[in-house]
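Fold and contact review
As a plain string of letters, each chain reads:
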Amino acid sequence: MLDWLAHGMVGPSLFAESQRNFHIDVLSIAQSHVHVMHALLAASALHIRFRSNPSLTQPPPRTLTAALASTNDDFAVVEAGHHLSATAGFRTALSSLSETTQIDPLLTTCMLLNMLSFAGLPEAEDDVRRWPFLGYGGEQPLHWLRIQLGFAPLMGGLSIKAKRGSAWLAFFEGLDHNVLYDERDGTEGVPEAWCAFWAIRDDDGIDGHRYLRVVRRLVSILAVWESVEAGNGATHDGRCLQYLQFMQGVDEAFICRLEARDAKALVVYGWFMAILTYTNHWWCRSRAVRECTAVVRYLDETYGAALDDWLGFMAKAVGYELKGSAIDRFLLEL
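Bear in mind that the values here come from a model prediction, so they are computed numbers and not experimental data. (Residues numbered from 1 in each chain as written. Predicted model: local features only at pLDDT ≥ 70, side-chain atom pairs only at ≥ 80, totals over all residues. Heavy atoms only, no water.)

**Remarks on the overall build of the protein chain**
Secondary structure assignment for the protein chain yields 16 helices and zero strands. Burial status across the protein chain gives 54% buried among its 334 residues. (Helix = DSSP H or I, 4+ residues; strand = E, 2+ residues; numbered from the N terminus. Buried < 20%, exposed > 50% of the residue type's maximum accessible area, 1.4 Å probe, protein only.)

**A look at the pattern of salt bridges**
In the structure shown here, the tally under the stated rule is ten salt bridges. We note a salt bridge from Glu183 to Arg213, for which the minimum N-O separation is 2.6 Å. In this pair, Glu183 is assigned in the loop between helix H9 (177-180) and helix H10 (192-197) and Arg213 in helix H11 (residues 212-229), connecting sequence segments 30 residues apart. Across the pair Arg201 and Asp203 runs a salt bridge, and its minimum N-O distance is 3.6 Å. Just as Arg201 is exposed, Asp203 falls in that class too. (Salt bridge = Lys/Arg side-chain N within 4 Å of Asp/Glu carboxyl O.)

**Structural notes on the nonpolar core**
Grouped together as the largest cluster of nonpolar side chains are 88 residues, with contacts concentrated most on Trp198, Tyr269, Trp283 and Leu299. Among the elements that make up this core, the one with the highest residue count is helix H14 (residues 263-276) (twelve residues). Looking at which domains feed residues into this core, each of domain 1 (2-157) and domain 2 (175-318) supplies at least three. (Core = buried A, V, L, I, M, F, W, Y, C linked by side-chain atoms within 4.5 Å. Domains from an automatic or database assignment.)

**Looking at the environment of Trp282**
Tracing the chain through its elements places Trp282 in helix H15 (residues 282-303). Judged by relative accessible area, which is 11%, Trp282 ranks as buried. Spatially, the C-alpha atom of Trp282 lies 8.7 Å from that of Arg51, the residues being 231 residues apart in sequence.

**Concerning the packing of helix H3 (residues 34-52) against helix H5 (residues 74-95)**
At a minimum axis distance of 7 Å, the contact between H3 and H5 shows a crossing angle of 155°. As judged from the angle between their axes, H3 and H5 are roughly antiparallel. Every pair of crossing elements has a handedness; the one defined by H3 and H5 is left-handed. For the pair H3 and H5, the contacting residues are His35, His38, Ala39, Leu41, Ala42, Ala45, Leu46, Ile48 and Arg49 in the first and Phe75, Ala76, Val78, Glu79, His82, His83, Ser85, Ala86, Gly89, Phe90 and Ala93 in the second. (Axes fitted to C-alpha atoms, helices over the stretch in contact; angles between N-to-C directions. Parallel < 35°, antiparallel > 145°, perpendicular 65-115°, else oblique. Left-handed = near helix turned anticlockwise from the far one by under 90°. Contact = heavy atoms within 4.5 Å.)

**Regarding H5**
Between its first and last C-alpha, H5 extends 32 Å over 22 residues, near the 32 Å set by a 1.5 Å rise per residue. Of all the positions in H5, only Ala76, Glu79, Ala80, Gly81, His83, Ala86, Phe90 and Ala93 are classed as buried. (Expected span 1.5 Å × (residues − 1).)

**Examining helix H13 (residues 252-259)**
Every buried residue belonging to H13 is among Phe254, Ile255, Arg257, Leu258 and Glu259, and all of these are buried. Looking one or two places after H13, you find Arg261, whose phi comes out positive at around 65°.

**Some remarks on the packing of H11 against H14**
Helix-helix packing is characterised by the crossing angle of the two axes and by the distance between the axes. Taken N-terminus to C-terminus, the directions of H11 and H14 make an angle of 25°; their axes are 10 Å apart at the nearest point. When the axes of H11 and H14 are compared, the pair comes out roughly parallel. By crossing handedness, the relation of H11 to H14 is classed as left-handed. For the pair formed by H11 and H14, the contact residues are Val214, Val215, Leu218, Ile221, Leu222 and Trp225 on the first element and Val268, Trp271, Phe272 and Ile275 on the second. Residue composition of the contact of H11 with H14, grouped by class: ten nonpolar, no polar and no charged. (Nonpolar A, V, L, I, M, F, W, Y, C, P; charged D, E, K, R; others polar.)

**Comments concerning the confidence of the model for the protein chain**
Summing up the model confidence of the protein chain, the mean pLDDT is 77 and the portion of residues at 70 or higher is 70%. Low pLDDT, under 50, characterises residues 6-22; the predicted model gives this stretch 47 contacts beyond four residues in sequence or across chains. Overall, residues 326-334 carries pLDDT values under 50, and its contacts beyond four positions in sequence, including any with other chains, amount to 18 contacts. (pLDDT = per-residue confidence, 0-100.)

**Examining unusual backbone geometry**
A positive phi is found at Ala199, a non-glycine position, where the angle reads about 50°. By the element assignment, Ala199 lies in the loop between H10 and H11. Although it is not a glycine, Arg261 adopts a positive phi angle of roughly 65°. Looking at the element boundaries, Arg261 is found in the loop between H13 and H14. Taking relative accessible area as the criterion, Arg261 reaches 28% and is therefore assigned partly exposed.

Next up, the structure:
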């Protein structure tokens, strides 16, 4: 089972088309590093839960005690236990990081933990019973996204170290970072209508504008999506990890705007999730469909026709019928 898991979870099917020849023996790494094995087993338990119940809506419990108290699902308990052990072991390994540390085990666990946080689905099945319509009982509604945020700089730093010699080197090179990480100031390369909507000017800096970095990330991955739609021989599944490079542009301030239901931030986020819905990977498509559906429904019911130009892409991705019930709300806060 572990051999199948190592291929199915982080094998060639999750990589860009240019990485089909890429291979790393995750199972061997796991057998030598406990935190990798725990992460692999947690992912295995989650995958079994999903396959046995594709409509799975409950995220993994945050503690083993909570798992034991709240569910009769044995695999949920297994997942929670291994997830917590993987996280603890990963932090311990990071605390002793040095120039001689083997990078591949850390990269492998980091990627698996990232995937696990993305795969945990919203608690409520009904869109209007969850963010952005409602919070999570006082908790941060986008806790799962903040976990992703924590891994982003770490992945970047470890990937730089990996260039000194790592089995993951081909993986990082295959993502075309230079193309996807557009850090230019100003409006060049951003469609005119987008500049108008997000109020981007020629003299705006990438670090000073509240939307420019994520908008540029969205423009980059949208170009990849459009090339697949145009029939260039690639598949959306093969481009999945390129789409996920959008996360490298997300920061705490952007997540706070999402939680505050900032319409312009929600449009960016909704389009990102809409792009992900075209992939068919079990660990991300369910999340993407639920997030995109909730966002487009909230924006439609709140702003209606004021956002017609931006809702269609999201609505088509998830089969949502636009209603435009609040067409009198034409002005958005800048």
